[in-house]
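This is what each chain is made of:
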Protein chains: 2
Amino acid sequence: MGGDFGPRCIVPACLAALAEYPSLHLVLVGYSPVLEELIADCPAADRHRLCIEHASEVIGMDERPAQALRSKPDASMRVALELLRSGRAQACVSAGNTGALMALSRYVLKTLPGIDRPAMVSAIPTATGRCHLLDLGANVDCSAEHLYQFAVMGAVAAEACGVVRPRVALLNVGTEEIKGNQQVKLAASLLQQARGLNYIGFVEGDGLYRGEADVAVCDGFVGNILLKSSEGLASMISRRIEALFSESMGSRLLGSLALPLLQRLHGDLAPAQHNGASFLGLQGIVVKSHGAAGSEAFQSAIRRALLEIRENLPQRLHGRLEHLLL
Amino acid sequence: MGGDFGPRCIVPACLAALAEYPSLHLVLVGYSPVLEELIADCPAADRHRLCIEHASEVIGMDERPAQALRSKPDASMRVALELLRSGRAQACVSAGNTGALMALSRYVLKTLPGIDRPAMVSAIPTATGRCHLLDLGANVDCSAEHLYQFAVMGAVAAEACGVVRPRVALLNVGTEEIKGNQQVKLAASLLQQARGLNYIGFVEGDGLYRGEADVAVCDGFVGNILLKSSEGLASMISRRIEALFSESMGSRLLGSLALPLLQRLHGDLAPAQHNGASFLGLQGIVVKSHGAAGSEAFQSAIRRALLEIRENLPQRLHGRLEHLLL
C-alpha cells in the first residue's frame with residue numbers, strides 16, 4: 001500500500017516479477033478490494049502463485065514510527081512482517097514509510113545477536129564498480145559500536161554480491177588519523193583490531209566515487225544526505241546534457257545521434273534509486289523500494305529480495321557475527 | 001607555501017591576478033629565497049604591487065592544528081594572518097592545511113561578537129542557480145546554536161552575492177518536522193523564531209540540487225562529505241561521458257563534435273572546486289583555496305577575496321548579527 005503511487009504501481013510490478021521468475025510466489029498484503037480490482041485488470045496474471053492477505057490499515061508516509069507501532073496492529077506493513085516471522089514468507093518488500101518499516105521490522109523480527117540496530121545498505125556505482133554504502137538513514141545518531149557493526153554487515157552484504165575480501169572503509173572528512181568526529185575515530189580503532197575484516201581506513205566523499213572501497217560506513221544522517229544529493233546531482237547533470245543538446249539545430253542533431261549513449265549513462269547512474277535498499281541485521285529479509293520510484297524500481301527490489309533469499313543473507317551474517325562480535 | 005603544489009603554483013596565480021586587477025596589491029608570505037626565485041622567472045611581474053614577507057616556518061598539510069598553533073610562531077600562514085590583524089592586508093588567501101588555517105584564524109583574528117565558531121562556505125551549482133552551503137568541514141560537531149549562527153552567516157554571504165531575501169534551509173534526511181537528529185530539530189525551532197531571516201524549513205540532498213534553497217546549513221562533517229562526494233560523482237560522470245564518446249569510430253566523431261558542449265558542462269560543475277571556500281564569522285576576510293587545485297583555482301580564490309573586500313563582508317555580517325543575535 002506504500003510509496004508515492006501505492007498499489008497502482010506495486011501490483012503491476014508484482015505481476016511482472018511473477019512472469020520473470022516461474023518459481024516465485026507472492027503474497028500481496030493490503031486492502032483486498034483495491035488489490036483484487038488491480039489484479040482483475042490483468043487477466044494474464046498467474047493466480048496460482050499470487051495470493052492476497054487482507055490488512056485493514058495503512059501507515060501514512062509521514063506518520064511517526066512510534067505511533068505506527070502502537071496504534072495500527074492491522075497495518076499492511078505489520079501484517080507482511082508477521083508473515084515473515086511466522087515462516088509463511090521468506091522476504092518482505094515495501095515502498096512505504098521507511099522509519100515505520102524499520103521500527104516494525106525491529107519489533108516483529110528482532111535483530112540478530114550482536115546487532116543493536118539494523119542498517120540500510122545500497123550499492124552505489126563508482127568509477128571501478130560498486131560500493132556498498134551504509135547506513136542510508138535508519139539511524140541518524142550512531143555510536144562507534146554501531147558503525148563497527150555496520151562495517152561487519154556491509155562486508156557480508158558485499159561478499160553475498162560476489163566481492164572477494166571486500167575493502168571496508170569509514171567515510172570521513174579526511175584520510176589522516178586525526179580527522180573526523182569522536183565516533184568515527186573510535187570506530188576506526190575498533191575496526192583496526194577486528195580479525196577477518198579487510199579494513200582499509202578512512203575514505204573521503206571523492207574517494208568513494210573513485211572506487212577506493214567496496215564498503216563505506218557512515219551514520220544514517222550522512223549516508224542519506226550523500227545518497228540523495230548524489231541522486232539530485234546526477235539528475236541535474238542529465239538535464240543539463242539534454243539542455244546542451246537541444247540548444248541549436250546543430251546541437252539537437254548531435255543530441256539525437258548521441259541519445260543511445262546518453263541513455264546508457266543515465267541507466268548507469270540510477271541503480272541506487274532503482275534497486276532499493278536492504279535492511280541488514282534483522283532475523284529476516286526486508287527490502288525497501290524507493291518511494292518515489294515506479295513499477296520497475298519495485299520489481300528491482302523484488303529481485304534484490306530473491307538474491308538475499310538465494311544467498312541466505314541473514315544466516316550468513318549470523319555466522320560471521322558469531323565469529324567476529326561474540 | 002601551502003597546497004599540494006605549493007608556491008610553484010601560487011606565485012604564477014598571484015602574478016596573473018596582478019595583471020587582471022590593476023589596483024590590486026599582493027603580499028606573498030613564505031620562505032623568501034624560494035618566492036624570489038619564482039618571481040624572477042617572470043620578468044613581466046609588476047614588482048611595485050608585489051612584496052614578499054619572509055616567514056621561516058611552514059605548516060605541513062597533515063599537521064595537527066593544535067600543534068601548528070603552539071609550535072610554529074613564524075609559520076607563513078600565521079604571519080599572513082598577523083598582517084591582516086595589523087591592518088597591513090585586507091584579506092588572506094591560503095591553499096594550506098584547512099584545520100590549521102581555521103585554528104590560526106580564530107586565534108589571531110578572533111570571531112565576530114555573537115559567533116562561537118567560524119564556518120566554511122562555498123556556492124555550489126544547482127538546477128536554478130547557486131546554493132551557499134555551510135559548514136564545509138571546519139566544525140565536525142555542531143550544536144543547534146552553531147547551526148543557527150551558520151544560517152545567519154550564510155544568508156549574509158548570499159546577499160553579498162546579490163541574492164535578495166535568500167531562502168535559508170537546514171539540510172536534513174526528510175522535510176517533515178519529525179525528521180532528523182536532535183541538533184537539527186532544535187536549530188529548526190531557533191530559526192523559526194528568527195526575525196528578518198527567510199527560513200524555509202528542511203531541504204534534502206536532492207532538493208539542494210533542484211535549487212530549493214539559496215543557503216543550506218549543516219555541520220562540517222555532513223557538508224564536507226556532500227561537497228567531496230559531489231566533486232567525485234561529477235568527475236566520474238565526466239569520465240564516463242568521455243569513455244562513451246571514445247568507444248567506436250562513430251561515437252568518437254560524435255564526441256569531437258560535442259566537445260565544446262561537454263567542456264562547458266565540465267566548467268559548470270567544477271566551481272566549488274575552483275572558487276575555494278570562505279571562512280565566515282571572523283573579524284577579517286580569509287579564503288581557502290582548494291589544496292589539490294591548480295593556479296587557476298588560486299586565482300579564483302583571490303577574486304573571491306576581492307569580492308568580500310568590496311562588499312565589506314565582515315562588517316555587513318557584524319551589523320546583521322547585532323540585529324539578530326544580540
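Residues numbered from 1 in each chain as written. Chains lettered and ligands numbered in written order. Predicted model: local features only at pLDDT ≥ 70, side-chain atom pairs only at ≥ 80, totals over all residues. Heavy atoms only, no water.

1. Re the domain arrangement of chain A
Residues and elements named next belong to chain A. Put simply, the rule is: Note that the domain bounds were set by an automatic or database domain assignment. Pairs of residues are marked as contacts when any of their non-hydrogen atoms sit within 4.5 Å. Buried surface area refers to the total accessible area, computed with a probe of radius 1.4 Å, that the two partners give up upon joining, counted for both partners together. By definition, a salt bridge exists where a carboxyl oxygen of Asp or Glu is found within 4 Å of a side-chain nitrogen of Lys or Arg. Under this definition, polar contacts are N or O atom pairs within 3.5 Å; protein pairs additionally need one hydrogen-donor-capable and one acceptor-capable atom, and for neighbouring residues in sequence, both atoms have to be side-chain atoms. In this description a helix means any DSSP run of H or I spanning at least four residues, a strand means any run of E spanning at least two, and both kinds are numbered starting from the N terminus. Charged means Asp, Glu, Lys or Arg here, nonpolar means Ala, Val, Leu, Ile, Met, Phe, Trp, Tyr, Cys or Pro, and polar covers whatever is left, Gly included.
Segmenting chain A into domains produces domain 1 (1-115 + 281-312) and domain 2 (117-275). Between the C-alpha centres of domain 1 and domain 2 there is a distance of 26 Å. Taken together, the contact between domain 1 and domain 2 spans 17 residues of the former and 13 residues of the latter. Looking only at domain 1, the three residues that lose the most surface to domain 2 are M102, I115 and H290, adding up to 37% of its buried area. Taken together, the links from domain 1 to domain 2 amount to 0 salt bridges. Counting every contact that joins domain 1 to domain 2 gives 2 residue pairs in polar contact (both at pLDDT 80 or more). Those elements that provide at least two residues to the side of domain 1 that touches domain 2 are α5 (98-109) and α12 (295-310). Among the elements that take part in the side of domain 1 that touches domain 2, α12 stands out by supplying 5 residues, more than any other. Considering only residue class, the side of domain 1 that touches domain 2 consists of 7 nonpolar, 6 polar and 4 charged.

2. Looking at the state of the cysteines
Two cysteines form a disulfide when their sulfur atoms are joined by a covalent bond. Residue and element names in this part refer to chain B. What counts, and what does not: Our working definition of a disulfide is a cysteine sulfur pair at a distance within 2.5 Å. Per-residue accessibility, obtained with a 1.4 Å probe over protein chains only, is compared with the maximum for each type, and a residue is labelled buried under 20%, exposed over 50%, and partly exposed between these values.
Under the criterion given, the structure shown has 0 disulfides over all chains. Left unpaired, C42 is separated from the closest cysteine sulfur, that of C14, by 11 Å. The class for C42 is partly exposed, based on a relative accessible area of 29%.

3. Examining the sheet that holds strand β9 (residues 277-280) of chain A
Residues and elements named next belong to chain A. Stated formally: Think of it this way: DSSP has to see at least two bridges between two strands before they count as a pair. The angle between two axes is taken between their N-to-C directions and runs from 0 to 180 degrees, where each axis is a line fitted to C-alpha atoms and a helix contributes only its stretch in contact.
Judged by pairing direction, the sheet is mixed, and its 8 strands sit side by side in the order β3-β10-β9-β4-β5-β8-β6-β7 without closing on themselves. Of all the strands in the sheet, just β3 (91-94) and β7 (199-203) have a single pairing partner and so form its edges. Each strand axis lies, on average, 25° off the axis of its neighbour in the sheet, ignoring direction. The sheet contact formed by strand β4 (residues 119-125) and strand β5 (residues 130-134) spans 5 bridges and is antiparallel. Residue A123 lies in a different strand from β5, and its bridge partner there is H132.

4. Description of the sheet that holds strand β6 (residues 168-171) of chain B
Residue and element names in this part refer to chain B. Taken together, the 8 strands give an open sheet; going across it, the order is β3-β10-β9-β4-β5-β8-β6-β7, and neighbouring strands pair in mixed fashion. Across the chains shown, the open sheet's two edge strands, defined by having one partner strand only, are β3 (91-94) and β7 (199-203). Here the strands of the sheet are splayed against their neighbours by 25° on average, with no regard to which way each runs. Relative to strand β8 (residues 215-217), strand β5 (residues 130-134) runs parallel, the two being bridged by 3 bridges. For L133, the partnering residue across the bridge sits in β8 and is A216. On the sheet, helix α5 (residues 98-109) packs against β3, β4 (119-125), β9 (277-280) and β10 (285-288) and is oriented at approximately 175° with respect to β10.

5. Looking at unusual backbone geometry
Residue and element names in this part refer to chain A. Note the cis peptide between L134 and D135, where omega equals 0°. As for its position among the elements, D135 is in the loop between β5 and α6 (144-160). A positive phi angle, close to 70°, is found at K110, a residue other than glycine. The phi torsion at R165 lies on the positive side, around 45°, for a residue other than glycine. Mapped onto the elements, R165 comes out in the loop between α6 and β6 (168-171).

6. Some words on the relation of the copies chain A and chain B
Two chain copies, one operation linking them: a rotation about an axis together with a shift along it. Put simply, the rule reads: C-alpha atoms of residues with pLDDT of at least 70 in both copies form the basis for the least-squares superposition of the copies.
With an RMSD of 0.0 Å, the operation that places chain A on chain B is a rotation of 180° combined with a shift of 0.0 Å along the axis. Given the turn and translation reported, the copies of this chain are related as if by a two-fold rotation axis. Here 100% of the contact residues of chain A are again contact residues in chain B; the copies associate through an equivalent surface.

7. Overview of the pairing of β9(B)
Residues and elements named next belong to chain B. What you see with β9 is no split at all: A277 and F279 on one side and S278 and L280 on the other are buried throughout. Examined bridge by bridge, β4 and β9 share 3 bridges and lie antiparallel to one another. Bridging across to β9, A119 finds its partner in L280. If you look at the hairpin formed by β9 and β10, you'll find 4 residues sitting between the two strands, and G281 has a positive phi there, around 100°.

8. Notes on the pairing of β9(A)
Across 3 bridges, the pairing between β9(A) and strand β10 (residues 285-288) of chain A is antiparallel. Residue pairing in the sheet places F279(A) in a bridge with V286(A) of β10(A).

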